[in-house]
Structure formats: C-alpha cells, structure tokens
Amino acid sequence: MEVLIHLCHHKLHTLLPRALSRACRRSHHCTPQPSPSIHTPSKPVMPTPLVSRLFQPSNLREGQEAGDMTCRSQRLMLQAGLIHLSNPGCFYYLPVALRSMEKLVRLIDEEMQAIGGQKVDMPALCGAELWKRSGRWELMGKEMFRLQDRHNVDYCLGPTHEEAVTELLASQSTLSYKQLPLLLYQVTRKFRDEQKPKFGLLRGREFYMKDMYSFDVSEEAALHTYHSVCHSYRRILDRLCLKWVQVQADTGNIGGTLSHEFHLPADIGEDRLLMCGNCDFSANVETVALGQTDCPQCHTGTLTESKGIEVGHTFYLGTKYSKVFNATFTNAQNKLSVSEMGCFGLGVTRILAASIEVLSSEDSIRWPGLIAPYQVCVLPPKKGSKTNEATHMAEKLVESLENNLPNLKGEVVLDDRTQLTIGKRLKDTNRLGYPYVVVVGQKAMEEHPVFEVLCQKSGETIFLSTDGLLDLLGGVETI
Ligand SMILES: [Zn+2]
C-alpha cells in the first residue's frame with residue numbers, strides 16, 4: 001500500500017510541471033461544491049515530505065533499551081521508526097525504511113541488468129514434488145516452512161528457487177545455445193523457520209533476497225558467468241562504500257563445487273573467517289581443517305580469525321539441478337546438451353540492517369549515502385523566535401533545491417515541527433542520519449543569505465550561500 005502511495009505521489013510530481021499542478025489545485029478549489037456543508041474539500045497535494053506527517057512511530061518502549069534488544073541495528077531501527085515487530089523474526093518495514101530498501105533494489109537491478117540479468121518473479125508457494133525430485137524436501141529439515149493445501153498436497157514457502165527455475169527452463173523445449181547465457185533473477189520474500197530469530201533484520205524468518213540463476217553452454221562459460229556475478233557483487237558493495245571481504249565458502253545444502261561468501265566485517269557477525277597475513281587467501285572457517293593455522297595457499301603465512309556478517313553467497317552448481325530436471329538446450333551441433341548452472345544470492349534486508357550495524361554509532365544511524373531514505377533535511381527556526389521570517393526562506397529553499405537539482409527530486413524533507421527548538425530537532429535528524437541537514441537561521445535573513453549545513457559523513461558544519469548550497473547538493477549521487 002505504502003509503495004503505491006509513494007509511486008503515485010512521485011509520478012504526479014514528476015509528470016506535472018509545478019505551475020500546472022498548482023493551477024489544477026486552484027481550479028479544484030474554485031469548483032462550486034453542490035453541498036458545502038457536508039463536503040470537505042480534499043487537501044492539496046503536498047509536494048514536499050514534512051517530518052510532522054511521516055509515519056515513523058518509535059517502536060522502542062521505555063525500559064526496553066538496555067534489556068532485550070539484541071544488536072545495534074535492531075535497536076536503532078526500532079527507535080527511529082523504521083521497523084515494527086509482528087511475529088518473531090517478521091517485521092513491518094515502515095515508510096522511511098522502505099524508501100531505503102527500494103533504492104537498494106534499484107542499485108541491485110542496475111548491476112544485475114548490466115551483466116545481462118533479466119528480472120522475473122517466481123511463486124513463493126512451491127510444490128513439494130519439485131523438492132522431492134532434487135532430494136531437498138528431506139535435506140532441508142526443519143528450516144523449511146511446510147504447509148498443505150485443502151487437497152492435502154504438500155507445499156513449502158520458498159527459501160530458495162533452484163528447483164523452480166530449473167523446472168521452468170526444462171519446460172522450454174526449443175531453447176538454443178544462441179540464447180545462452182541466460183541469467184534470471186528476482187527480488188522476493190524468502191522464508192526460513194529459524195529456531196531462534198534474532199538481531200532484527202539480520203536473522204529473521206521472513207526476509208528479502210535477490211537470487212539469480214545462470215544457465216550456460218559449458219563449464220568454461222558458466223565459470224565466466226560466475227566470476228562476472230562476483231564482480232558485480234563487489235561493485236554493489238563498493239557503490240555502497242561498505243568494507244567487505246570475499247571468502248571461499250562451503251557449498252552447504254545448495255551443492256556445487258565452487259562457492260564464495262561476501263561479508264561485512266563486524267564483531268556481531270555469526271560467521272568466523274580466516275585470513276592469511278601473507279597472501280590473498282581468505283575463507284570461511286567451515287572450509288578449513290579444524291585447528292589449521294598455516295595458510296593452505298602460500299604455506300608460509302599464518303591464518304588469523306575475524307567475524308563477518310554474510311550478505312552474499314555465490315555457487316557454481318555444474319549440472320546438479322539441470323540433470324535432475326533435464327534442463328537442456330540445443331547445441332551448435334544441433335544435439336541436446338544439459339546446461340551448466342550457477343546460483344547467486346544477495347540478502348537485501350540483510351544488507352540494509354548490516355550496513356546500519358557497521359556504519360552507525362550507538363545512538364545515530366549512518367546509512368550508505370546512496371541509499372539514505374532522504375538526502376537532505378531543512379530546518380526552519382522555532383515558531384515565535386526572532387528568526388520567524390526565516391520559515392518562509394526555508395520553504396523557498398526547499399522549492400529551489402527541488403526545482404534546480406534533478407538528483408534531489410523527492411529527496412528533501414522539511415522539518416516543519418517548528419513548535420520544537422532547533423536543538424531538539426537536530427537531535428532527531430542526527431538520530432535518523434540524514435546525509436545533509438540545512439539550518440535556516442538568522443544568517444539566512446541577511447542580504448546575501450547564508451545557510452548552516454551539517455555534513456554527516458565528514459562531521460563538518462559549513463556555512464554556504466544559496467549558490468554554494470546548490471553546488472554542494474547538486475553533486476550528491478542518488479538512485
Ligand atoms: Zn597465504
């Protein structure tokens with residue numbers, strides 16, 4: 001629902017030139033109402049998000065702070081009104097968090113499509129029959145949510161989609177080698193019956209993942225695809241300015257012969273990683289013999305252990321699934337050949353929470369700049385204070401930013417809670433972590449207006465003219 005509202009608002013905003021949309025509003029107000037006593041005219045469309053109107057309920061109750069919060073990102077996200085707990089391991093994603101998530105999905109879409117990925121959407125409700133054919137109906141054990149329909153037919157809520165996508169390809173009898181490589185991906189809710197959901201969005205029972213599946217003509221081609229997806233994962237994490245490590249990984253219940261994990265180093269991480277001080281060897285501890293301390297690659301370096309939050313996992317599958325489901329294509333010799341597969345996961349909600357976990361301080365959220373929910377917050381002075389006229393300046397400034405800087409369309413918020421002091425509101429903006437906060441005070445009333453700008457990333461406060469502000473904010477990358 002929130003997505004729809006947001007999209008409609010955005011569309012209207014971009015499609016209608018400002019003057020035209022104003023004219024529409026005026027004419028609407030002038031239309032004679034048949035019965036004014038019972039008809040309440042609808043409010044005009046609000047082009048700038050106002051802090052007083054954002055649905056951002058703080059879900060952290062008094063006394064909860066010290067006790068049962070399990071990690072920083074969970075506490076900060078509840079406190080800032082980004083998420084709300086429903087069942088254990090399941091959360092409402094509230095409007096501000098959803099804006100950030102939609103940006104992250106746009107970034108992922110860009111990078112997946114840059115390497116030829118095509119977006120699909122597969123059913124979350126998966127028939128047991130496919131899982132029995134691959135042998136994973138038993139193998140997945142209690143981690144899988146299982147259910148039955150009214151005809152007593154078994155289903156599961158999809159934790160991953162190797163079976164489904166391979167069956168989809170197997171049903172295409174005319175697939176030619178000329179159509180390969182084929183890279184299909186989706187961004188959907190995934191389900192896992194975690195025994196102990198914890199750490200908020202980091203280990204939930206329902207979460208968003210991007211999963212991609214590749215089909216190639218040969219092992220060589222499949223490995224080429226594998227490395228290009230790994231490269232795109234590194235690009236995504238780099239564009240988010242996150243520190244990451246790529247390590248050799250165990251193939252677990254997915255299978256295959258080559259696998260890597262992508263981690264954000266963090267003490268709260270549940271994975272133990274080993275790194276060589278002498279060469280580039282790095283691996284999940286699961287892949288190394290118990291107690292091994294010397295590097296298996298260079299044989300001279302020593303392995304040191306650290307912890308990481310897993311945000312991505314890649315697998316070269318070979319023909320493990322394509323053989324079972326008979327996913328074939330017609331090769332250059334006009335013969336049927338089994339396709340070579342890979343599968344690639346990125347935790348969408350996991351990246352969101354993990355980046356907050358590693359970037360934030362104890363009481364203030366810090367976002368990767370590109371996916372901050374809003375880039376700029378403008379603060380007019382407190383109502384009734386000497387600088388009251390500056391309120392008008394603040395509104396004009398927001399309009400000017402929106403009109404002159406296409407990158408900031410929909411990215412500027414006005415903190416209209418002018419009953420509160422600047423100091424109180426600054427505390428809130430710092431807590432939510434807007435990358436830029438513009439304070440419109442006394443100096444904005446001078447002949448050449450000057451604005452106080454707090455840059456979150458550098459921690460600096462600078463004073464800029466209108467032109468200087470447009471220059472600074474015009475360079476902000478948005479998605
Ligand atoms: Zn080494």
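Residues numbered from 1 in each chain as written. Predicted model: local features only at pLDDT ≥ 70, side-chain atom pairs only at ≥ 80, totals over all residues.

*Asks:* Would you mind showing me how to read the overall build of the protein here?
*Replies:* For the protein, the count of helices and strands is 13 helices and 21 strands. A buried classification covers 36% of the 479 residues belonging to the protein. Taking contacts inside the protein between residues at least 6 apart in sequence as the whole, the part at least 24 apart equals 69%. (Helix = DSSP H or I, 4+ residues; strand = E, 2+ residues; numbered from the N terminus. Buried ≥ 20, exposed ≤ 12 C-beta atoms within 10 Å, placed from the backbone. Contact = placed C-beta atoms within 7 Å.)

*Asks:* Got a minute to help me understand unusual backbone geometry in this structure?
*Replies:* When glycine is set aside, most residues are seen to have a negative phi, and most peptide bonds are trans. The omega torsion of the bond from Leu180 to Pro181 falls at 5°, within 30 degrees of zero and hence cis. The backbone of Phe199 sits at a positive phi, close to 60°, despite the residue not being glycine. In this structure, Phe199 sits in the loop between strand S7 (182-191) and strand S8 (206-216). Owing to 21 C-beta atoms within 10 Å, Phe199 belongs among the buried residues under this scheme. Positive phi is not limited to glycine here, since His299 has a value of about 65°. Assignment of secondary structure puts His299 in the loop between strand S12 (282-284) and strand S13 (303-318). Judged by the 10 C-beta atoms lying within 10 Å of it, His299 is exposed.

*Asks:* Where do I start with the environment of His313 in this structure?
*Replies:* Within the secondary structure, His313 sits in strand S13. Judged by the 24 C-beta atoms lying within 10 Å of it, His313 is buried. Residue contacts for His313: discarding those within four places in its chain leaves Ala249, Ser259, Glu261 and Gly345.

*Asks:* Just checking my understanding: could you explain the sheet that holds strand S17 (residues 376-379) for this structure?
*Replies:* Hydrogen bonding along the main chain pairs the strands of a sheet, whether they run parallel or antiparallel. An order of S18-S17-S19-S20-S21 is seen for the 5 strands of this open sheet, with the pairing classed as mixed. Each having just a single partner strand, strand S18 (412-414) and strand S21 (461-465) make up the two edges of the open sheet. The average angle at which neighbouring strand axes cross in this sheet is 25°, direction not considered. Here strand S19 (residues 436-439) runs beside strand S20 (residues 450-455); their pairing, made up of 4 bridges, is antiparallel. Looking across to S20, one finds that Val439 is bridged to Glu452. Sitting on the sheet, helix H11 (residues 390-404) touches S17, S18 and S19, and the angle it makes with S18 is about 165°. Set on the sheet, helix H13 (residues 466-474) makes contact with S17, S19, S20 and S21; between it and S21 the angle comes to about 120°. (Pairing = 2+ DSSP bridges. Axes fitted to C-alpha atoms, helices over the stretch in contact; angles between N-to-C directions.)

*Asks:* Help me understand the packing of helix H4 (residues 95-114) against helix H8 (residues 219-239) in this model?
*Replies:* When two helices pack together, their arrangement is given by the angle between the helix axes and by the axis-to-axis distance. One can describe the packing of H4 onto H8 by two numbers: an axis separation of 10 Å at closest approach and a directional angle of 150°. The angle between H4 and H8 falls in the class roughly antiparallel. Between H4 and H8 lies a crossing whose hand is right-handed. Residues Leu107, Ile108, Glu111, Met112 and Ala114 of H4 lie in contact with H8, whose contacting residues are Ser232, Arg235, Ile236 and Arg239. Considering only residue class, the contact of H4 with H8 consists of 5 nonpolar, 1 polar and 3 charged. (Parallel < 35°, antiparallel > 145°, perpendicular 65-115°, else oblique. Left-handed = near helix turned anticlockwise from the far one by under 90°. Nonpolar A, V, L, I, M, F, W, Y, C, P; charged D, E, K, R; others polar.)

*Asks:* It is not clear to me how the sheet that holds strand S4 (residues 125-127) should be interpreted in this structure. Could you clarify?
*Replies:* Pairing within the open sheet is antiparallel, and its 3 strands lie in the order S4-S6-S5. Among the strands making up the open sheet, the edge pair consists of S4 and strand S5 (146-148). Pairwise comparison of adjacent strand axes, ignoring direction, gives a mean angle of 40° for this sheet. The pairing of S4 with strand S6 (residues 154-157) spans 3 bridges and is antiparallel. From the neighbouring strand, Gly127 faces S6, where its bridge partner is Tyr155.

*Asks:* So what exactly am I meant to see when it comes to the pairing of S6 here?
*Replies:* The side chains of a regular strand alternate between both faces of the sheet. Note that S5 and S6 share 3 bridges and pair antiparallel. Within S6, the residue paired with Leu147 across the bridge is Tyr155. The turn linking S5 back onto S6 is made up of 5 residues, and Asn152 within it adopts a positive phi angle of 65°.

*Asks:* Teacher, can you tell me more about the pairing of S8 here?
*Replies:* Judged by how many residues are buried, S8 sits mostly within the fold: 10 of 11 residues are covered. Summarising the sheet, S7 and S8 pair through 10 bridges and their orientation is antiparallel. Looking at the pairing, Arg189 lines up with Tyr208 of S8. Pairing geometry for S8 and strand S16 (residues 340-347), over 8 bridges, is antiparallel. Paired with Met209 across the two strands is Gly347, which belongs to S16.

*Asks:* What exactly am I supposed to notice about the nonpolar core here?
*Replies:* Nonpolar side chains tend to gather and get buried jointly when the protein is soluble and globular. Ranked by internal contacts, the top residues of the largest apolar core, which has 94 residues, are Ile83, Val376, Val378, Val438 and Val440. Top contributing element to this core by residue count: helix H10 (residues 348-359), with 8 residues. Taken together, domain 1 (99-358) and domain 2 (374-474) each give at least three residues to this core, which thus spans both. In this structure, Ile83 is in contact with Met77, Leu78, Phe91, Tyr92, Tyr93, Leu94, Ala97, Gly200 and Leu201, ignoring residues within four places of it in sequence. (Core = buried A, V, L, I, M, F, W, Y, C linked by C-beta atoms within 7 Å. Domains from an automatic or database assignment.)

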